[in-house]
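# What the coordinates show
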Amino acid sequence: MKLSSDFFEIFAIPVAWQVDSSQLQSKYLKLQQEFHPDRYASHSESEKRLAVQTASLINQAYDTLKSPLKRAQYLLELKQIDASQDSHITSDGAFLMEQIELREALADVRDSADPFALLDSLRSSVDSSYSEQQNQFQAQYQASDFDHAFNTVAKMQFSAKLLDEIEQLEAELEDL
Amino acid sequence: MALLQISEPGQSPQPHQRKHAVGIDLGTTNSLVATVRSGMAEVLADEQGRDLLPSVVHYIKEGVSCVGYEAAEHNISDPLNTLASVKRLMGRGVADIKTFGSQLPYEFAGDDGGMPKIKTVSGMVSPIQVSAEILRKLAGRAEMAFGSALDGAVITVPAYFDEAQRQATKDAATLAGIKVLRLLNEPTAAAIAYGLDEAEQSSKHQQRIIAIYDLGGGTFDISILRLSKGVFEVLATGGDSALGGDDFDRAIADWLRQQMGMGEDLNPIEQRILLEAAKSAKEQLTDSPEVELQVLDWQGTLTRELMHNLIDGLIAKTVRACKKSLRDAGVAQDQVNDVILVGGSTRTPRVGEKVAEFFGTQPLCNLDPDQVVAMGAALQAEVLVGNKSGDDMLLLDVIPLSLGIETMGGLIEKIIHRNTTIPVAKAQEFTTFKDGQTAMAIHILQGERELASDCRSLARFELRGIPPMVAGAAKIRVSYQVDADGLLSVTARELTSNVESRIEVKPSYGLGEEEITSMLQDSFSHARDDMQARALREQQVEADRMIEDLLAALYKDGDSLLDIEERQCLRVAVEELRELREATTEHRLLARQIESVAKASEEFAARRMDASIKTALAGQTLDEIEKG
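Residues numbered from 1 in each chain as written. Chains lettered and ligands numbered in written order. Predicted model: local features only at pLDDT ≥ 70, side-chain atom pairs only at ≥ 80, totals over all residues.

## As for the overall build of chain A
Across its full length, chain A holds seven helices and zero strands. Taking 2.2 N^0.38 as the reference for a compact globule, 176 residues should give roughly 16 Å; the C-alpha atoms of chain A span a radius of gyration of 20 Å, well beyond that estimate. Among the 176 residues that make up chain A, the fraction classed as buried is 34%. The contacts of chain A with a sequence gap of at least 6 include a subset with a gap of at least 24, amounting to 60%. (Helix = DSSP H or I, 4+ residues; strand = E, 2+ residues; numbered from the N terminus. Rg over C-alpha atoms; globule rule 2.2 N^0.38 Å. Buried ≥ 20, exposed ≤ 12 C-beta atoms within 10 Å, placed from the backbone. Contact = placed C-beta atoms within 7 Å.)

Okay, structure coming up:
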């Protein structure tokens, strides 16, 4: 279904980087209370189909706005910039070097004496650069400096992916 | 001529009638049906006062001879025609059956990789047909209790059930002539049964985190839910589909075998004797600290402590799965407010102890763990059928396993990740890689592994009718829609020419639409008129709903969202539908008219949805929303 509203409009909040996550969650629950297909269980098939599509859209909007990375990508998409591809790569050499080092550190975790301590320190360093990148994005986006914002999103993708991998490895090690 | 009924637009012409809805727990070993009476969920018993219905169907040459306790009696005398535990076969393929089929005594006949059928004296039987017999029996029990027909049912499925297994369950209900209001995950049903939504409203907590620990005979299931403002949100679900209380029995039986100095090769009778002894010892140790055993010519003692040594490793495995789900949910274990125990195997006290230890809170277990799922399903059915008002609880489920498509080299590309809230829609764009290519094949799978061959195959789609162009010029948009039951539908469109591609769906394990129709016809062949009458009734209900929906919509939004001509068009369409509904006895004709009215009102519906989304939150102050 095509709706004329963008995701921010659905939640009746301004198009901006800053999002109040608890307010977002309350509004999300309120919207699903109204539009979830279960609310249309005794309606006609065509209304039910429409409810499934609407609830899907609300879920997609919520999923996008609550994640910093997806929200940043979506803000650029609204400016007709496609930052959703996994493949776009930053040209910041120092950043790439740093990434390589972090990945090497992650690869060594398995064989280290205290893997969990190492994972924790890795996580906090990636976490802090991730939030720094988010601050950068906010400043660049507000200044309408979309070229740099696009580059920052590429960096955010690295960080988000690395955090995922740290989580996965930790789960794996705990399971052993 | 019938007198015209005139009612306020948006209101039903009939006075409010109480509808008859049930919750059905379609279990591997036993099934139950429950309903809500005076606000309380209760399990409906059979004429002998028995709550459970063994999930067993016995076949004779002429067809089904009996279902339930009676059928279970044929277990030993006629094992090949006494079908039990078919839930484990639902939505499965021949390869799956090979891995655990040896535990089942039946003869299977797999047809071209689809869901295997079981050879019986009355011919080939699909697990879906067997499940339909069980559902029919339960529906009959309910109709007897109500003294009238059933309006709908909520049927529970394990949270880990994949799309094929869910579809198979829904197909079984269709075969049994039951209208499915919703497929509900078993753990979510349990949370509803405990009335935690009401506990939430009366407590000071902004939200509650609930863990549902479900240990059955052969499976373990853990779900983490968040309850906030009457909405149950499934945050994560996980478990182990090959771990259950039967493994406790096996561990104890194995200990017995060693004590008795027997080798590992036992004959089936010895095996059965040891398992029975183990099971009975396990149950006795619930109340006493030790139990004297006499098995064959061996005598000995099993203490509770020793039993704990035997089963603690198994329980630890379930605790590891709990940890993983908490991680998936992004919740720490001390944030969990309530833990609920479900499933017969949680009767072993050691399980409760270990679960309490892990979560640091005493689990709730005051409802019968065998009944709690059916009771929760009944409460949800009551809401969905319309007996309770709209501002009641809402359930937001997640998809338990990732959906993806097969890419080059037999790899899988994930389209919808596991634990994503449903309903959910995703779209992908493809292009052609040969000049003049007019068709492409898409293979949809479900699972977490990297290789397509390690995941469950759900369906193969063939897109045809792509306009011939040079390679890479066509843009084909494929949309995947997963509904609130976790069922998938797919559409495809070529974007440059806007040609809707034809899709051929070949479910890998389920039944094709034609197969269902023919099975339905078979089951009604002795009563063709019945089937006609039922089909007509169904279409009449659908027509009434549509007329009611549309009149209400026209009254509310017709002036603001439609121009005069569009309004007139829809009014005429509604009137024609109303006339046909009164006049015709031909269900196909009515169905066609409904479809055409649906098409005519599509645009209006989309505009209304768009407008209502825009106004849903716009008129409210922030304060209202937070209180709401």
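## Regarding the overall build of chain B
When helices and strands are tallied, chain B shows 17 helices and 28 strands. Residues classed as buried in chain B amount to 42% of the 628 residues present. By sequence separation, contacts in chain B at least 24 residues apart represent 68% of the contacts at least 6 residues apart.

## Digging into the nonpolar core
What tends to happen in soluble globular proteins is that the nonpolar side chains get buried as a cluster. Core analysis: the largest hydrophobic core is formed by 181 residues, its most contacted members being Leu-135, Ala-153 and Tyr-213 of chain B. Among the elements that line this core, the one with the most residues is helix α11 (residues 372-384) of chain B, at ten residues. Those residues in contact with Leu-135 of chain B that lie beyond four places of it in its chain are Ile-24, Leu-26, Ala-172, Ala-173, Ala-176 and Ile-178 of chain B. Listed in part, the eleven residues of the second largest apolar core include Leu-69, Ala-83, Phe-137 and Met-156 of chain A. (Core = buried A, V, L, I, M, F, W, Y, C linked by C-beta atoms within 7 Å.)

## Regarding the sheet that holds strand β18 (residues 338-342) of chain B
Sheet strands associate in pairs through backbone hydrogen bonding, adopting either a parallel or an antiparallel arrangement. Residue and element names in this part refer to chain B. The strand order across the open sheet built from five strands is β18-β13-β14-β15-β19, with neighbouring strands paired in mixed fashion. A strand with exactly one partner marks an edge of an open sheet, and here the two such strands are β18 and β19 (394-396). Each adjacent strand pair in this sheet contributes to an overall mean axis angle of 25°, direction not counted. Seen against the sheet, helix α5 (residues 186-193) touches β13 (208-215), β14 (220-228), β15 (231-240), β18 and β19 and runs at an angle of roughly 120° to β13. (Pairing = 2+ DSSP bridges. Axes fitted to C-alpha atoms, helices over the stretch in contact; angles between N-to-C directions.)

## Looking at unusual backbone geometry
Residues and elements named next belong to chain B. Here the residue pair Ile-422 and Pro-423 is connected by a cis peptide bond, since its omega of 0° sits within 30 degrees of zero. Of note, Pro-423 is situated in the loop between β21 (411-416) and β22 (424-430). Notably, Lys-229 is not glycine yet its phi reads approximately 50°, a positive angle. Examined against the element boundaries, Lys-229 turns out to sit in the loop between β14 and β15. Phi at Asn-419 is positive, roughly 65°, even though this residue is not glycine. One can find Asn-419 in the loop between β21 and β22. In this structure Asn-419 comes out as partly exposed when scored by C-beta crowding, with 18 C-beta atoms within 10 Å.

## With respect to the packing of helix α2 (residues 21-35) of chain A against helix α3 (residues 45-66) of chain A
Axis angle and axis distance: for two packed helices, these are the angle between their axes and the distance between the axes, and together they describe the pair. Residues and elements named next belong to chain A. Put simply, α2 and α3 touch, their axes get as near as 10 Å, and they point 175° apart. What the angle tells us is that α2 and α3 run roughly antiparallel. Residues Ser-21, Leu-24, Tyr-28, Leu-31, Gln-32 and Phe-35 of α2 lie in contact with α3, whose contacting residues are Ala-51, Thr-54, Ala-55, Ile-58, Tyr-62, Leu-65 and Lys-66. Its residues assigned to classes, the contact of α2 with α3 comprises nine nonpolar, three polar and one charged. (Parallel < 35°, antiparallel > 145°, perpendicular 65-115°, else oblique. Nonpolar A, V, L, I, M, F, W, Y, C, P; charged D, E, K, R; others polar.)

## Considering the interface of chain A and chain B
Every contact between the two is made by 38 residues of chain A and, on the other side, 42 residues of chain B. Residue assignment for the side of chain A that touches chain B shows that the elements contributing at least two residues are α1 (7-10), α2, α3 and α7 (146-175) of chain A. Looking at the side of chain A that touches chain B element by element, the count peaks at ten residues for α3 of chain A. Split into classes, the residues belonging to the side of chain A that touches chain B amount to 13 nonpolar, 15 polar and ten charged.

## Observations regarding the domain arrangement of chain B
It is common to report an interface's size as the accessible area lost on association of the parts. Assigned domains within chain B: domain 1 (21-185), domain 2 (204-366), domain 3 (403-511) and domain 4 (519-618). Look at where the C-alpha atoms of domain 2 of chain B and domain 4 of chain B centre, and you get two points 50 Å apart. (Domains from an automatic or database assignment.)

## Remarks on the environment of Arg-578 of chain B
Tracing the sequence through the fold places Arg-578 of chain B in helix α14 (residues 564-583). The spatial distance from the C-alpha of Arg-578 of chain B to the C-alpha of Ala-543 of chain B is 7.7 Å, given a sequence separation of 35 residues.

## Things to note about the pairing of strand β20 (residues 403-407) of chain B
Taken residue by residue, a regular strand's side chains alternate between the two faces of the sheet. Residues and elements named next belong to chain B. For β20, a buried count of four out of five residues is recorded, marking the element as mostly surrounded by other parts of the structure. Pairing between β20 and β21: five bridges, direction antiparallel. The residue bridging Leu-403 from the neighbouring strand is Ile-416, located in β21. Once β20 ends, the chain turns through three residues before running back antiparallel as β21, passing Gly-409 with a positive phi of about 80°. With three bridges connecting them, β20 and strand β23 (residues 440-446) associate as antiparallel partners. What sits directly across from Ile-405, in β23, is Ile-444.

## Brief notes about the sheet that holds strand β10 (residues 123-125) of chain B
Residue and element names in this part refer to chain B. Read from one edge of the open sheet, three strands run β8-β9-β10, paired in antiparallel fashion. Pairing within the sheet leaves two strands with one partner each, and these edge strands are β8 (108-109) and β10. The sheet contact formed by β8 and strand β9 (residues 117-120) spans two bridges and is antiparallel. In the strand pairing of β9, Ala-109 is matched with Lys-117.

## Some thoughts on α11 of chain B
The periodicity of an α-helix, 3.6 residues per turn, causes residues three or four positions apart to be oriented the same way. Residues and elements named next belong to chain B. Taking 1.5 Å per residue, 13 residues should reach 18 Å; α11 reaches 19 Å between its end C-alpha atoms and fits that length. Summarising burial for α11: 13 of the 13 residues are buried, a large majority. Just past α11, the residue Gly-386 takes up positive phi, approximately 100°. (Expected span 1.5 Å × (residues − 1).)

## Notes on helix α6 (residues 115-142) of chain A
Residue and element names in this part refer to chain A. Helix length check: α6 (28 residues) gives 40 Å between terminal C-alpha atoms against 40 Å at 1.5 Å per residue, within 8%. Of all the positions in α6, only Leu-122, Val-126, Gln-133, Phe-137, Gln-140 and Tyr-141 are classed as buried. Following α6 by one or two positions, Ser-144 has its phi on the positive side, about 55°.

## Observations concerning the domain arrangement of chain A
In terms of domain boundaries, chain A breaks down into domain 1 (7-66) and domain 2 (93-175). Between the C-alpha centres of domain 1 of chain A and domain 2 of chain A the distance comes to 31 Å.

## Structural notes on the environment of Gly-344 of chain B
Residue and element names in this part refer to chain B. Turning to its location among the elements, Gly-344 is positioned in the loop between β18 and α10 (349-359). Exposure remark for Gly-344: the 17 C-beta atoms within 10 Å place this residue in the partly exposed category. Counting along the chain gives 317 residues from Gly-344 to Gly-27, while the straight-line C-alpha distance between them is 12 Å. Setting aside residues up to four positions removed in sequence, Gly-344 forms contacts with Gly-216, Gly-217, Gly-245, Pro-369 and Asp-370.

## Details of the confidence of the model for chain B
Low pLDDT marks stretches whose predicted atomic positions should not be read closely. Residue and element names in this part refer to chain B. On average, residues of chain B carry a pLDDT of 84, and 86% of them reach 70 or more. Within chain B, the lowest mean pLDDT, 46, falls on helix α17 (residues 622-627), and the highest, 97, falls on strand β1 (residues 21-25). Within the model, the stretch residues 621-628 combines pLDDT values under 50 with eight contacts to residues more than four positions away or in other chains. Of the two predicted TM-score estimates for the complex, the pTM is 0.84 and the ipTM is 0.88. (pLDDT = per-residue confidence, 0-100.)

## A closer look at the packing of α14 of chain B against helix α15 (residues 587-600) of chain B
Residue and element names in this part refer to chain B. It is at 10 Å that the axes of α14 and α15 come closest, and there the two elements cross at 165°. By the criterion of interaxial angle, the relationship of α14 to α15 is roughly antiparallel. Every pair of crossing elements has a handedness; the one defined by α14 and α15 is left-handed. Seen from α14, the contacting residues are Cys-569, Leu-570, Ala-573, Leu-577, Leu-580 and Arg-581; seen from α15, they are Leu-589, Leu-590, Gln-593, Ile-594, Val-597 and Ala-600. Taken together, the residues of the contact of α14 with α15 break down into ten nonpolar, one polar and one charged. (Left-handed = near helix turned anticlockwise from the far one by under 90°.)

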